[in-house]
Amino acid sequence: MTFRTRFAPSPTGFLHIGGARTALFCHLYARHLGGEWLLRIEDTDQERSTPEAVAAIFAGLNWLGLHPDGEPVFQSKNQARHLAAAHQLLAMGKAYRCYCTREELESMRSEQREKKEKPRYDGRCARRVDFSGIADRPYVIRFKTPPEGKTTWEDLIQGSISFANTELDDLILVRSDGLPTYNLAVVVDDHDMGITHVIRGEDHISNTPRQIPLFQALGWSVPLYAHMPLLHGADGAKLSKRHGAVSVLNYRENGFLPEAVNNYLVRLGWSHGEQEIFTMAEMESLFDIRDVGRSAAIFNQSKLEWLNGHHIRSSRQDRLAVVLVDHLRLIGIENPDLTLVAAVVPLFQERAKTMVEMAEKARFFFVEDVRPYDMKAIEKYCKPDLLPALAHLITELATLTEWQDSFLQAAFDRTLQAHDLKMGQLAQPVRIALTGTPVSPGIHEVVLVLGQQKSLHRLQAGLAFFQESIHGVS
Ligand code: GLU
């Protein structure tokens, strides 16, 4: 039997980070077992499904590098098949038409409540013999749920789960508007797609005892089920917008690398000894759905950032340059010089936790003018007695014929010596002039990447500004 699972999102919004985790687990387990995973877009709710949401699912999966096997299946296209299955059940006497009106159903339920019984459909239309007067009424098709016994399955994550059939209503398979219901559609599609394993969120556990009897009634083999614990925020509540970003693409906007997000998601509920950092290849070879834990997974933003920092450090620089270009654009650097981007990446790669942080810190390289300067820093570091040294440094740098580290070093040394200063004293005014702020990578690295002309231009503008502001203050 070929292992085959599916990821079956409903396209009613963005791709939720919890959904991405389900897709990742489907992908990993399929790759682990040498099987397949398919994508099924559950778009039968025409009012809530939108093409934008379908596009967001594709974009989110694509960004994460989770590529399903084969073409995506659109559930709405299979409606005729779903209805055929309902009619097959009718023909087999395993389903029936129910003509009860809303009023009838309501009075049935209120009687049951009065008798302290659980409100449920009492199956009266299954027993009905006389259809006179009602045959032209709208009807639904209901499944004859086995009246007794239990529906049990060995969940690959949750262990043995059992529901008494008396707990289950006679499930509606086709609504009075003629459309198939969710549980029918899922069962027919899972069968037609040859799904052997269903991996989904534990919010679907209550659907499983409705779906298994349908497979059985249709004479189809029942897949194995793995219901994954849901994601919770640090406060213990189900992860929602209130906790911050929940759409996968928000993580891209917020400067996370897809491999860091995948690594983070796999560790939510799954572990392999003490190991925290995984490449996709390692996850694919080690992941087993049966090792996923049962307790709710708590989302932890600082761990995600830590992992992202790690993956930034171990990423190829040419690849980071491509990502950095996108983030520079998002902060208003329309057409960053690509050679400059490539030169800048190594300066930030070791420390950046996110690509947004890298773009913000690298921004000064790409602007024409670093102003406004950090005025507090100017007050603190640009003392009047340092300004002649800054002027001297400019002259030294202007005369350099080669823009190389050893030459720069010599120019700084000559300046410091002439003014009896330490690099620690001159570094900050230089840094503020070059970047606008007192925090940046090493001065030599910055001037090397900026080049002679830009460095001199910034130092001169900075010196003029410091002279003026110090003059203004005194
Ligand atoms: N469409 C359902 C959802 O988005 C998933 C159904 C399933 O996996 O069976 O929650």
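Please read all numbers here as calculations on a predicted model, not as lab measurements.

What counts, and where the lines are drawn
- Residues numbered from 1 in each chain as written.
- Predicted model: local features only at pLDDT ≥ 70, side-chain atom pairs only at ≥ 80, totals over all residues.
- Heavy atoms only, no water.
- Phe/Tyr/Trp six-rings, centres within 6.5 Å; stacked < 30°, edge-to-face > 60°.
- Helix = DSSP H or I, 4+ residues; strand = E, 2+ residues; numbered from the N terminus.
- Buried < 20%, exposed > 50% of the residue type's maximum accessible area, 1.4 Å probe, protein only.
- Lys NZ or Arg CZ within 6 Å of the ring centre and 35° of its normal.
- Pairing = 2+ DSSP bridges.
- Axes fitted to C-alpha atoms, helices over the stretch in contact; angles between N-to-C directions.
- Near = heavy atom within 4 Å.
- Polar contact = N/O pair within 3.5 Å; in protein donor to acceptor, adjacent residues only side chain to side chain.
- Areas by Shrake-Rupley, 256 points an atom, 1.4 Å probe, with all protein chains shown as cover.
- 1 Å grid on protein atoms, 1.4 Å probe; cavity = no way out; pocket = protein on both sides within 12 Å on 5 of 7 lines; lining within 4 Å.
- Sits in = over half its atoms within 2 Å of the grid points.
- Nonpolar A, V, L, I, M, F, W, Y, C, P; charged D, E, K, R; others polar.

Asks: Quick rundown of the packing of aromatic side chains? Include the residues and the values.
Replies: Counted under the stated rule, the structure contains 16 aromatic pairs. On the basis of an interplanar angle of 50° and a centroid distance of 4.8 Å, the ring pair of Y373 and F465 is categorised as tilted. You can see Y373 sitting in the loop between α14 (355-366) and α15 (375-381) and its partner F465 sitting in helix α20 (residues 452-473), a full 92 residues away along the chain. Y373 sits in the buried class, given a relative accessible area of 7%. Residue F465 is classed as partly exposed on the basis of its relative accessible area, which comes to 25%. Taken together, the ring pairs in this structure connect F3, F25, Y29, W270, F278 and F287 into an aromatic cluster. Sitting above the plane of the Y121 ring, R142 keeps its charged end 3.7 Å from the centroid.

Asks: Outline the sheet that holds strand β8 (residues 172-174), listing residues and values.
Replies: If you trace the 3 strands from one edge of the open sheet to the other, you get β4-β5-β8, paired in antiparallel fashion. With partners counted over all chains shown, the strands left at the sheet margins are β4 (95-98) and β8, one partner each. Sheet twist, expressed as the mean angle between neighbouring strand axes with direction ignored, is 40°. When β4 meets strand β5 (residues 140-143), the two strands line up antiparallel, connected through 4 bridges. Directly across from R97, in β5, lies its bridge partner I141.

Asks: Got a sec to walk through the site of the ligand? Specific residues and values, please.
Replies: With respect to spatial proximity, the complete set of residues near the ligand consists of R6, A8, P9, S10, E42, Y182, R200 and H204. Between a nitrogen atom of the ligand and a side-chain N or O atom of S10, the distance comes to 2.9 Å. Side-chain polar atom of E42 to a nitrogen atom of the ligand: 2.6 Å apart, as the coordinates give it. For the ligand, whose unbound accessible area comes to 300 Å², protein coverage reaches 81%. With respect to the pocket detection grid, the ligand is positioned in the largest pocket. Grouping the amino acids of the shell around the ligand by side-chain chemistry returns 3 nonpolar, 2 polar and 3 charged.

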